Amino acid sequence: MIPLGLLLAVPAAHAAPDAPDDPAGGSVRHHVAQARQFVKNKWYDDAALEIAAALAAPGGADSFDAHWLGAQIYYEVVQADRALVLAERAALLAPNAETREQATTFATFLRSTFGYVALTAPQAGMTSRLQLECTSIVFDADLKRLINKLALQLREPTALPRTLALPDGEYLVNGVKVVVRADTTTPLALEMRQLGARGLAALQVTRLEVAAGTSVLFGDDVDNLRTGGAFELALTLPVGPVLLGALGTFDLRSYAAGGNEFVSDPYAWGAGLRVGRELALGGPLALRPSLGVRYGLVPGIGYACDEADGALSCTPLSAAAGPGEVEIYAVGRAITPFAELSLEYREAGRTTALGVGVKAVVEQHVGTVASPGEAVLFETPDGTPLPYVATPASWTATGIRLLANVSFAF
C-alpha cells in the first residue's frame with residue numbers, strides 16, 4: 001500500500017516545468033496549486049474538480065503535476081479507474097527517474113489491487129440508493145477505509161449505470177453477490193425489486209437495541225413523581241417494508257410520599273410493541289418514525305383516604321379537598337400508546353454493523369389502580385392490610401422519554 005501522504009510529499013520541483021511566461025502553463029499551475037490546498041483541507045471532491053480543470057486547460061495534457069496529483073486525488077475519491085489512467089500518463093511525463101518510478105509503482109498497485117463492477121438497471125436513466133457491503137476479510141486498513149467511503153457515497157441517490165472501482169474481493173450490492181477480480185470488469189444487472197425503497201427495505205435485518213436515558217411524567221395525577229432514569233431493551237425485525245419491534249422497559253424513578261420523604265419502587269416495568277419505517281437521510285444516517293403501545297406499571301399514584309366502617313375511602317390527591325386521615329400510594333397499571341422518532345448512525349449503511357443514535361418518545365398513559373384493593377400502612381403495628389376503595393380509580397399522564405440508543409444488526 002502506498003500512503004497518500006507519502007505520495008503528496010513529492011516536491012513540486014520534480015514536475016515538468018511550465019514556461020513562466022506561458023499563460024496556459026500558468027492556468028494549469030493555478031488549478032494544481034488550488035487542488036493541493038484542497039487536499040490539505042481534505043476536500044477531495046473539490047480537489048478533483050480543480051484537477052479536471054487543469055487537465056482541460058491548454059497544456060494540461062502534458063502537465064506531470066496535474067496527472068500525478070490527479071492520480072492520488074481520484075484514488076481518494078475511490079475512482080481507481082481514473083486514477084490508473086492518470087498515474088500511467090504521469091509515468092510517461094515524469095521529468096526524472098525518481099518520479100517515474102513512483103508513478104509506475106502507483107499505477108502497478110492500482111492495476112493489481114482494483115477491479116470494477118459495471119452496475120446496470122432494468123431501464124436507462126434510473127436512480128437508486130445502493131447498499132454496498134464487503135463480505136471478504138480486508139487486512140489493509142486504508143483499503144477498508146476506501147470501501148467504507150464508497151459505501152457512504154452510494155447511500156446517496158446514484159444514477160445508473162455506474163461503474164464501481166473496488167479492491168479484489170467479494171461484495172454484496174443491494175444484497176446481490178458479486179466477486180471482484182483485479183484489473184477485470186464484472187457486469188452486475190440489478191433487477192427492479194433490488195432497487196429503490198423496495199430494494200433497501202429487503203435488506204433490513206434483525207437488530208438488538210439497548211437504550212438508556214431519562215423520562216418524565218406530566219399531569220395532576222402524577223405531580224409527585226420525579227424525573228427518573230429510563231432503560232429499554234428491544235428486538236426489531238423487518239416485516240416487509242416496515243420494522244416491527246418488541247420491547248421491554250424499566251424506569252428508575254422515585255416519588256414524594258408526604259412531607260420530604262421520597263420512595264423508590266422497583267416495580268416500574270413495561271412491555272410493548274411498535275411498528276416503524278426507516279428513512280435514509282443520506283450517508284449512514286437514517287430516521288425511523290414509529291408508533292406503538294405499551295403496558296406497564298407506574299408506582300406512586302397518590303390518594304388521600306378517610307377510614308369508614310373498617311375500610312379506606314380514597315380520593316386522588318389532586319382532587320382531594322384535604323390531606324385525609326392517611327395517604328396511600330398505589331401502583332398504577334397503564335396502557336400507553338406512544339410515538340417515537342429515532343435517528344441512527346450506522347457505519348457505511350451496512351446490514352451487519354453497530355449503530356448508535358438517539359430517540360425521543362412522547363407517550364400518553366391511560367391507567368387505573370386496583371379498586372377495591374388493600375394497602376399496608378406504616379402506622380399499623382402488625383402490618384395488617386386495610387381494604388380501600390379508590391374513587392375514581394382511573395388516572396392519566398403524558399410522558400416524554402429521551403434516550404441514547406445502541407443497536408447490533410445481525
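The rules we used
- Residues numbered from 1 in each chain as written.
- Predicted model: local features only at pLDDT ≥ 70, side-chain atom pairs only at ≥ 80, totals over all residues.
- Heavy atoms only, no water.
- Helix = DSSP H or I, 4+ residues; strand = E, 2+ residues; numbered from the N terminus.
- Core = buried A, V, L, I, M, F, W, Y, C linked by side-chain atoms within 4.5 Å.
- Buried < 20%, exposed > 50% of the residue type's maximum accessible area, 1.4 Å probe, protein only.
- Domains from an automatic or database assignment.
- Contact = heavy atoms within 4.5 Å.
- Salt bridge = Lys/Arg side-chain N within 4 Å of Asp/Glu carboxyl O.
- Disulfide = S-S within 2.5 Å.
- Pairing = 2+ DSSP bridges.
- Axes fitted to C-alpha atoms, helices over the stretch in contact; angles between N-to-C directions.

**Student:** Break down the environment of Gln79 for me, citing the residues and quoting the values.
**Tutor:** For Gln79, the position within the fold is in the loop between α4 (64–76) and α5 (80–93). In sequence terms Gln79 and Leu164 are 85 residues apart; their C-alpha atoms lie 7.6 Å from each other.

**Student:** Report on the nonpolar core, specifying residues and quantitative values.
**Tutor:** If you look at the biggest cluster of nonpolar residues, it comprises 63 residues, and the most contacted ones within it are Tyr75, Leu110, Phe114 and Leu119. Counting contributing residues per domain, this core is built from domain 1 (4–113) and domain 2 (116–190), each supplying no fewer than three. Once you skip the residues sitting within four places of it in the chain, Leu110 turns out to touch Tyr75, Ala80, Ala83, Leu84 and Ala87. By size, the runner-up hydrophobic cluster in this structure holds 21 residues, among which are Cys305, Val326, Val369 and Tyr388.

**Student:** Requested: an account of the pattern of salt bridges, with residues and values cited.
**Tutor:** Scanning the entire structure with this criterion turns up 22 salt bridges. Between Arg294 and Glu363 there is a salt bridge; the shortest N-O distance is 2.8 Å. In this pair, Arg294 is assigned in strand β16 (residues 285–308) and Glu363 in strand β19 (residues 354–368), connecting sequence segments 69 residues apart. Relative accessible area serves as the criterion here: at 8%, Arg294 is assigned to the buried category.

**Student:** Which residues make up the state of the cysteines, and what values go with them?
**Tutor:** By the definition in use, this model includes one disulfide. The disulfide that involves Cys305 links it to Cys314, with 2.1 Å between the sulfurs. The sign of the S-S torsion, about 110°, decides the handedness of the disulfide formed by Cys305 and Cys314: right-handed. Summarising the burial analysis for this pair, Cys305 and Cys314 share the class buried.

**Student:** How would you summarise the pairing of strand β1 (residues 114–120) if you had to cite specific residues and measurements?
**Tutor:** In terms of burial, β1 is a largely internal element, five of the seven residues being buried. Inspection of the sheet shows β1 paired to strand β5 (residues 162–167) by six bridges, in the antiparallel sense. In the sheet register, Tyr116 faces β5, and the bridge partner there is Ala165. Pairing analysis gives five bridges linking β1 to strand β8 (residues 185–189), with the strands arranged parallel. Note on β8: the bridge partner recorded for Leu119 is Leu188.

**Student:** Please set out the sheet that holds strand β7 (residues 176–180) residue by residue, giving values where relevant.
**Tutor:** The strand order across the open sheet built from three strands is β3-β6-β7, with neighbouring strands paired in antiparallel fashion. Strands with a single pairing partner mark the edges of an open sheet, and in this sheet they are β3 (132–134) and β7. Here the average twist between neighbouring strands, direction ignored, is 30°. In terms of strand pairing, β3 meets strand β6 (residues 169–173) through three bridges, oriented antiparallel. From the neighbouring strand, Leu132 faces β6, where its bridge partner is Val173. Helix α7 (residues 141–154) contacts β3 and β6 of the sheet and is inclined by roughly 160° relative to β3.

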